[in-house]
Amino acid sequence: MCSYVVSLLRPEIIRDLDLPRHGLEILPLDGTFTPMPSGDYLWRVNDHGKTHREIARHSRVDAEAYDEFGKAMQAMCRFVKPILSMVPPDPTTLDPRELMKLLFIGRRFQGMSSYDKYNQVQLMTMSAIDFLDQWFETDVLKATMSASGIIGTFLGVRSPGTAYVLLHHYMGEIDGAFRAWGFARGGTGAISNAIADAAREAGVEIRTKAGISQIIVKNVKAKGVVLSNGDEIYADVVSSSVDPRLTFTKFIEAQHLPGDFLEDVNRFKYRGSSGKVNMALDGLPNFKCMPGPGAHLRGAISISPSVEYMERAYDDAKYGNFSRHPYIDMVIPSLTDPSVAPPGKHVLSCFVQYAPYKLRPGLTWDDQKEAFGDTVVNTIAEYAPNIKDIILHRQVVTPLDLEREWGLSEGNIFQGELSLEQLFFLRPVPGWAQYRTPIKNLYMCGSATHPGGGIMGANGRLAALEILKDIKGAA
Amino acid sequence: MASQTRDIVIIGGGHNGLVTAFYLAKAGYKPLVLERSAQVGGAAVTDEFHPGFRCSTLAHTAGPILPSILRDLQLEKHGLRLITPDVCVTALSPDGRALSLYQDSDKSAQEIAAFSRKDAAKYPEFGQSLGKIAKVIGEALATTPPDIDHPSSGDLWSMLKTGRAIRKLGTKDMFRLLRWGPMAVADLASECFETELLRAVIAARGVFGTFLGPWSAGSALVLLIRAAGDPHPAGSAALAAGGMGAVTQAMASAAKAAGAEIRTGAEVIEIRVQNGAATGVLLSTGEEILAKAVISNADPKRTLLKLTDPTHLSPDFVQKLQHYRGNGTVAKVNLALSGLPKFTALKNGDTSPLKGRIHIGHEIDYLERAFDEAKYGNFSRQPYLEATIPSLTDPTLAPEGKHVMSIYMQYAPYKLKGDWEEQRNALGQTVVETLAQYAPNLPELLLTHQIITPLDLEEKYGLTGGQIFHGELALDQFFTMRPLLDWARYRTPIEKLYLCGSGTHPGAGLTGGSGANAAREILKELKK
């Protein structure tokens, strides 16, 4: 209902958990279709030759650069991947083990060619558009590619730091193949179900409808949890996969935590910036620039017609409005997986940005919810006018809904913004990036920890490894 | 024309070129500085723009100048009189309130208390923390960035020293340094203070001269770099008697005294290269000057893509340099006034708060909206202004009772939708109208104005893209990456050709840091 595509799931996790055996089937998502107001379009697919010809239709130079770009990004991914799979070092201690980790990163950086180093440094610091400007001249290509640099952040495509998020998403790999996104058969819920099955088989007990109201802390040690029905469960280790705000300000009394730490927890930025609109359709949207059904509907459909369009969408959000002309990333999963809709009917899932959690004074999300839904429908209708006639039902998920119903503070889908000052050894709290907390036996394992959000699973794995280390050390 | 052979030729007599000339001369070389204009100074000059009215044409405050440079060049002995008013900056709000920040932290806190007691209590601690962090950065600014591929033992030593200085900060400030650098300055200011006017005046330091808004990530780094030379949270007001031209005049005098030769009205149009090494320069008069080394105070793009035939460079290098970002965002407007404007926010006719810098841009969102327009190629209709009235502290700049006002206007994008020539007057109009909101009688006092657009900055002052810092100050163009990764050590791919301008580390502002660093590196090479 919230997540809609999978890609960032780490291959080692798919492997270790043997998810295909537990019923996970990933259906490939082929390409990205970007309709343009001029009546033209940009349609990139997984077939290399076709994409090359399509981009060449817009610019020959860009078609050549596209291949080069892909190669350069792969080199970047190879550098960053091991860093995503490591526990962040603490740069402030002199502990040799921590220094070795820093050295490891330093050596890997040293090992790159000077061309790759140059790209890497730029990628870590530049804006998505500044970065893409160096490669491409076609506006629509840059706009649609830059979109992955802003997903889940409160930044615009021209904000420095977004080039990194671009890479973060570029790392999408399924079964080890770079840059391929997909659907899970039965929706992304199927992933969680498969993971749950794998966990149960390994000996995990799962209780649903068991909301937590408190973490029991005595003498700076976590002792267990209190459920919302009042039941108390005592445990040797408590690991929290919810964000730091809930963990440390809702479930734990302030007296148990150092003041500095709490200050940093409160400072951690969430700033949800996106919403979801899901629609049940009586047919397929008919795009003016490419009428009728076709393969272009089977991939992602991106409303990102120009760089200025993307940036203006951000400008609205900066001053507390949802974008009047938002960036929309749509998929129609019922085309690849007919099980999700009755015959002849379809499901349209739209990821929409920007929808700032904090609206300007005087506006509330409960009042704006339907207006937001209307804006999304109207925006799509500019490209596919029949959309208004085929909507059977519409579900609008605002950032406030994400917070209230899914427990995501401020509606941030990554449990905290992916901005440079909140990554790696600074995530979520400087000095507490190694999954431990100031409270003994209490750990963090959610997206708010390194390496951040997206359906990656890496956070949970790294946290588990650290917890095991502590348990073995104590034994 | 007859050619002559020189020791070292320095292209451009801006403040960094003059500082480099001084240090080389002091080491026993005979550098020749070639300046295109009739006077040295580059962007730090004072001109009479209206009979009897003199003003710092471009830069109107110093960075301030590094203490080591003040000392080594003995600038005061060479006639420089620095003016550092007690008041650093006065921020004006359209609701008729003003906030003055002083050199003295307690005095500033008292002023802030009128807005928020909480902020007043936090201000001294913020200043201290910023000061500590800035000091560490200051040490890094004074070093040559290390060679990333093959760090020498000297590089390792200076990295170790910087590392130790960082470690001494203690865990809390160490993490602050790591966290603050990549942040948006708006976040930094909002994290620390609740008063919007105070937030805005601090945030302005992070965006001045850059193509960034206060909400752009990385703008906090710009604040930290500037704080390294000037740890006052909102920046001080480093003025000079006679304007900024007096600073460069004193530098020129010091360089000459040390043995440098300076020729004005000498425009270099080409850097001669043979077998991958610079051999001299060609002047617009056709005169050729051969030299053992050529140092350029011009920006990196102008030096290597315009003055040098790019065929001497690898295509890869040329491409990277073309991508070096440097589209200016600042225009300058200088006003000759028949009297002192009356600012409504200043009660009881007290004019002392006007002696420092005057800041217009009362909210972070105001600054951000000003930036928004620039993104789409328009100049801000409600701009962020930084003004000084130097005739208040130095009456010799204007006839008795009259005044000059020097204003930086931001944002004025170099890449404008339309023509700068056609919009020049509209820009001047916007500045005057904006000021009139705070000083209603200003238009009546206006005798004349001088308007300098980003295009003028490029054409008349040789600043490529009109970028006053010789290239955007951003994370990806800083330290080991200024101007390019692997080329941050004042050398260029052409042997015997060096850079010493603001496009090299540390860049940014009238400090002389780049010139001093460059001189040190070049001397090392020359001694080989």
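Residues numbered from 1 in each chain as written. Chains lettered and ligands numbered in written order. Predicted model: local features only at pLDDT ≥ 70, side-chain atom pairs only at ≥ 80, totals over all residues. Heavy atoms only, no water.

**Thoughts on the overall build of chain A**
Definition in use: Runs of E in the DSSP output that reach at least two residues are strands. Runs of H or I that reach at least four are helices, and both are numbered from the N terminus. The size measure is the radius of gyration over C-alpha atoms, and the globule rule it meets is 2.2 Å times the number of residues to the 0.38 power. In this scheme, a residue with accessible area under 20% of its type's maximum is buried, one over 50% is exposed, and one in between is partly exposed, where area comes from a 1.4 Å probe on protein chains only. Residue contacts are counted whenever heavy atoms from the two residues lie within 4.5 Å of one another. The Shrake-Rupley method, run with a 1.4 Å probe, gives the accessible areas here. Residue values count only the displayed protein chains as cover.
Helix and strand counts for chain A come out as 17 helices and 16 strands. Computed over its C-alpha atoms, the radius of gyration of chain A comes to 23 Å, within 12% of the 23 Å expected for a compact globule of 475 residues. If one aligns the C-alpha atoms of chain A with their principal axes, the spans along those axes are about 65 × 55 × 50 Å. Counting the 475 residues in chain A, one finds 58% classified as buried. When contacts within chain A are restricted to residue pairs at least 6 apart in sequence, those whose partners lie at least 24 apart make up 69%. Working note: accessible area of chain A is about 19400 Å², and carbon and sulfur atoms make up 54% of it.

**Focus: the packing of aromatic side chains**
All names here are of chain A. Using the following cut-off: Any pair of Phe, Tyr and Trp rings, taking the six-membered ring for Trp, is counted once the centres come within 6.5 Å. Such a pair is stacked with planes under 30 degrees apart, edge-to-face with planes over 60 apart, and tilted for the rest.
As enumerated under the stated definition, the model contains 28 aromatic pairs over all chains in all. When the centroid spacing of 5.7 Å and the interplanar angle of 80° are considered together, the rings of phenylalanine 33 and phenylalanine 287 count as edge-to-face. Separated by 254 residues along the polypeptide, phenylalanine 33 in strand 2 (residues 32-35) and phenylalanine 287 in the loop between strand 11 (274-281) and strand 12 (300-303) bring together distant segments of the chain. Exposure remark for phenylalanine 33: the relative accessible area of 0% places this residue in the buried category. Taking relative accessible area as the criterion, phenylalanine 287 reaches 1% and is therefore assigned buried. Here the aromatic rings of phenylalanine 322 and phenylalanine 372 are separated by 5.4 Å at their centres, their planes lie at 70°, and the arrangement is edge-to-face. Placement of the pair is phenylalanine 322 in the loop between helix 12 (307-318) and strand 13 (327-331) and phenylalanine 372 in helix 14 (residues 365-383), with a sequence separation of 50 residues.

**Overview of helix 11 (residues 259-267) of chain A**
Residue pairs three or four apart in sequence face the same way in an α-helix, which turns once every 3.6 residues. Residue and element names in this part refer to chain A. Defined as follows: Picture the helix axis, draw a direction to every C-beta atom, and the arc is the one those directions span.
All of the buried residues along helix 11 are Phe261, Leu262, Asp264 and Val265. The buried residues of helix 11 occupy an angular sector of 160° when the element is viewed end-on, so they sit on one face. Those residues of helix 11 hidden inside the fold are in contact with helix 10 (244-250).

**A closer look at the sheet that holds strand 15 (residues 391-397) of chain A**
In sheet architecture, strand pairing relies on hydrogen bonds along the backbone and comes in two forms, parallel and antiparallel. All names here are of chain A. The following threshold applies: Paired strands, in this sense, are two strands between which DSSP finds at least two bridges. Between the N-to-C directions of two axes lies an angle of 0 to 180 degrees, each axis being a line fitted to C-alpha atoms and, for a helix, fitted only over the stretch in contact.
Taken together, 7 strands build an open sheet; the order of strands is 3-2-12-13-14-11-15 and the sheet is mixed. With one partner strand each, in any of the chains shown, strand 3 (41-44) and strand 15 form the two edges of the open sheet. Taken over all neighbouring pairs, the strand axes of this sheet differ in orientation by 20° on average, direction set aside. By the bridge criterion, 8 bridges tie strand 11 to strand 14 (residues 346-353) in an arrangement that is antiparallel. Counterpart to lysine 276 in the pairing with strand 14 is phenylalanine 351.

**Some details on the interface of chain A and chain B**
It is common to give the size of an interface as the accessible area lost on bringing the parts into contact. What counts is decided by this rule: Values labelled buried area give the accessible surface lost by two parts on being combined, using a 1.4 Å probe and summing over both. Salt bridge, as used here, is a side-chain nitrogen of Lys or Arg placed within 4 Å of a carboxyl oxygen of Asp or Glu. Here a polar contact is taken to be a pair of N or O atoms separated by no more than 3.5 Å, where protein atoms must pair a possible hydrogen donor with a possible acceptor and residues adjacent in sequence count only if both atoms sit in side chains.
With 34 residues of chain A at the contact, the number on the chain B side is 33 residues. Here chain A meets chain B over a buried area of about 3300 Å², counting both sides, of which 58% is carbon and sulfur. Contact with chain B buries area across many residues of chain A, yet Thr92(A), Tyr118(A) and Tyr319(A) alone supply 20% of it, more than any other trio. For the interface between chain A and chain B, the tally reads 9 salt bridges. Between Asp372(B) and Lys318(A) there is a salt bridge, with the nearest N and O atoms lying 2.5 Å from each other. At the junction of chain A with chain B, the criterion picks out 12 residue pairs in polar contact (both at pLDDT 80 or more). When residues of the side of chain A that touches chain B are traced back to their parent elements, those giving at least two are helix 4 (96-111), helix 5 (114-125), helix 11 and helix 12 of chain A. At 6 residues, the largest contribution of residues to the side of chain A that touches chain B is made by helix 12 of chain A.

**Regarding the pattern of salt bridges**
The tally for this structure, following the rule as stated, stands at 58 salt bridges over all chains. Lys269(A) is the partner of Asp187(B) in a salt bridge, and the nearest nitrogen-oxygen pair spans 3.0 Å. Of this pair, Asp187(B) sits in helix 7 (residues 185-192) while Lys269(A) sits in the loop between helix 11 and strand 11, on two different chains. Residue Lys269(A) is classed as buried on the basis of its relative accessible area of 10%. Across the pair Arg36(B) and Glu267(B) runs a salt bridge, and its minimum N-O distance is 4.0 Å.

**Structural notes on the nonpolar core**
Where we set the bar: Among buried residues, those of type Ala, Val, Leu, Ile, Met, Phe, Trp, Tyr and Cys that are joined through side-chain atoms within 4.5 Å constitute a nonpolar core.
Counting residues in each nonpolar core, the largest one holds 139 residues, and the members touching the most others are Leu73(B), Leu101(B), Leu335(B), Phe343(B), Met405(B), Leu427(B) and Leu435(B). The element contributing the most residues to this core is helix 4 (residues 117-141) of chain B, with 9 residues. Ignoring anything within four residues of it in the chain, the contact list for Phe343(B) reads Leu92(B), Leu354(B), Ile358(B), Ile389(B), Met405(B), Tyr438(B) and Ala439(B). Counting 119 residues, the second-largest nonpolar core is a separate cluster that includes Phe131(A), Met279(A), Met290(A) and Trp365(A).

**Structural notes on the side chain of His403(B)**
Tracing the sequence through the fold places His403(B) in strand 16 (residues 403-410). A polar contact of 2.7 Å, which involves the side chain of His403(B), links it to the side chain of Ser391(B).

**Some thoughts on helix 3 (residues 60-84) of chain A**
Residue and element names in this part refer to chain A. Defined as follows: Here, expected helix span is obtained from the residue count minus one, scaled by 1.5 Å. Fitting axes to the seven residues ending at a residue and to the seven starting there, one defines the bend at that residue as the angle between these axes.
An ideal rise of 1.5 Å per residue puts 36 Å on 25 residues; helix 3 measures up with 35 Å between its terminal C-alpha atoms. At arginine 78, helix 3 is deflected by roughly 25°, the largest bend along its length, and proline proline 82 occurs up to four residues later in sequence. The N-terminus of helix 3 is capped by serine 59, whose side-chain oxygen sits 3.4 Å from the backbone nitrogen of valine 61.

**A look at a nonpolar patch on the surface**
All names here are of chain A. Put simply, the rule reads: Only residues above 30% relative accessible area that lack a salt bridge enter a patch, with like-charged residues linked at up to 9 Å and the nonpolar side chains Val, Leu, Ile, Met, Phe, Trp and Tyr linked at up to 5 Å.
A contiguous nonpolar surface patch, about 250 Å² in accessible area, is contributed by Leu465, Leu468 and Ile471. Within the element layout of this structure, leucine 465 appears in helix 17 (residues 458-474). Given the relative accessible area of 40%, leucine 465 is considered partly exposed.

**Examining the pairing of strand 1 (residues 4-11) of chain B**
All names here are of chain B. Counting buried positions along strand 1 yields 6 of 8 residues, so the element is predominantly enclosed. Relative to strand 12 (residues 288-296), strand 1 is paired through 7 bridges, and the arrangement is parallel. From the neighbouring strand, arginine 6 faces strand 12, where its bridge partner is alanine 291. When strand 1 meets strand 2 (residues 31-34), the two strands line up parallel, connected through 4 bridges.

**Topic: the sheet that holds strand 13 (residues 330-337) of chain B**
All names here are of chain B. Strand order in the open sheet formed by 7 strands is 7-6-14-15-16-13-17, and the pairing between neighbours is mixed. Of all the strands in the sheet, just strand 7 (98-102) and strand 17 (446-452) have a single pairing partner and so form its edges. Strand-to-strand, the axes of this sheet are offset by a mean angle of 20°, without reference to chain direction. Sheet analysis places strand 13 next to strand 17, joined by 6 bridges and oriented antiparallel. By the bridge assignment for strand 17, alanine 336 is matched with threonine 448.

**Quick word on the environment of Thr285(B)**
Residues and elements named next belong to chain B. Considering the arrangement of structural elements, one finds threonine 285 in the loop between strand 11 (277-283) and strand 12. On the basis of relative accessibility, which here comes to 52%, the residue threonine 285 falls in the exposed class. Note: C-alpha distance between threonine 285 and valine 268 (17 residues apart in sequence) is 9.0 Å. A polar side-chain atom of threonine 285 sits 3.4 Å from the main-chain amide nitrogen of glutamate 287.

**Overview of the packing of helix 1 (residues 15-26) of chain B against helix 10 (residues 244-258) of chain B**
The description of two helices packed together rests on the angle between their axes and the distance between the axes. Residue and element names in this part refer to chain B. Selection rule: Roughly parallel covers angles under 35 degrees, roughly antiparallel covers those over 145, roughly perpendicular covers 65 to 115, and oblique covers all other angles. What makes a crossing left-handed is the near helix being turned counterclockwise from the far one by less than a right angle; a clockwise turn instead makes it right-handed. Gly counts as polar in this scheme, as do all residues outside two lists: the nonpolar Ala, Val, Leu, Ile, Met, Phe, Trp, Tyr, Cys and Pro, and the charged Asp, Glu, Lys and Arg.
Contact geometry for helix 1 and helix 10: axes closest at 8 Å, N-to-C directions at 20°. Here helix 1 lies roughly parallel to helix 10, going by the angle between them. In terms of crossing hand, the pair formed by helix 1 and helix 10 is left-handed. On the side of helix 1, the interface is formed by His15, Leu18, Val19, Ala21, Phe22, Ala25 and Lys26, while helix 10 contributes Thr248, Met251, Ala252, Ala254, Ala255 and Ala258. Looking at side-chain class alone, the contact of helix 1 with helix 10 contains 10 nonpolar, 2 polar and 1 charged residues.

**Points about the side chain of Arg482(B)**
Counted only if it meets this: Positive charges come from Lys and Arg alone, negative charges from Asp and Glu alone, with His and the N- and C-terminal ends not counted.
Summarising the element assignment, Arg482(B) is placed in the loop between helix 16 (454-461) and strand 18 (497-499). Despite its burial, Arg482(B) pairs with no opposite charge; the closest candidate is Glu472(B), at 8.3 Å N-O.

**A word on unusual backbone geometry**
Residue and element names in this part refer to chain A. Here the residue pair glutamine 353 and tyrosine 354 is connected by a cis peptide bond, since its omega of 15° sits within 30 degrees of zero. Positive phi is not limited to glycine here, since lysine 209 has a value of about 50°. Within the fold, lysine 209 resides in the loop between helix 9 (189-202) and strand 7 (212-218). With relative accessibility at 87%, the residue lysine 209 sits in the exposed group.

**Quick word on the confidence of the model for chain A**
Threshold: A residue's pLDDT is simply how confident the predictor is in it, with values from 0 to 100.
For chain A, per-residue confidence averages 89 on the pLDDT scale, and residues scoring 70 or more make up 95% of the total. In the model, residues 173-180 of chain A has pLDDT below 50 throughout and makes 26 contacts with residues more than four positions away in sequence or in other chains.

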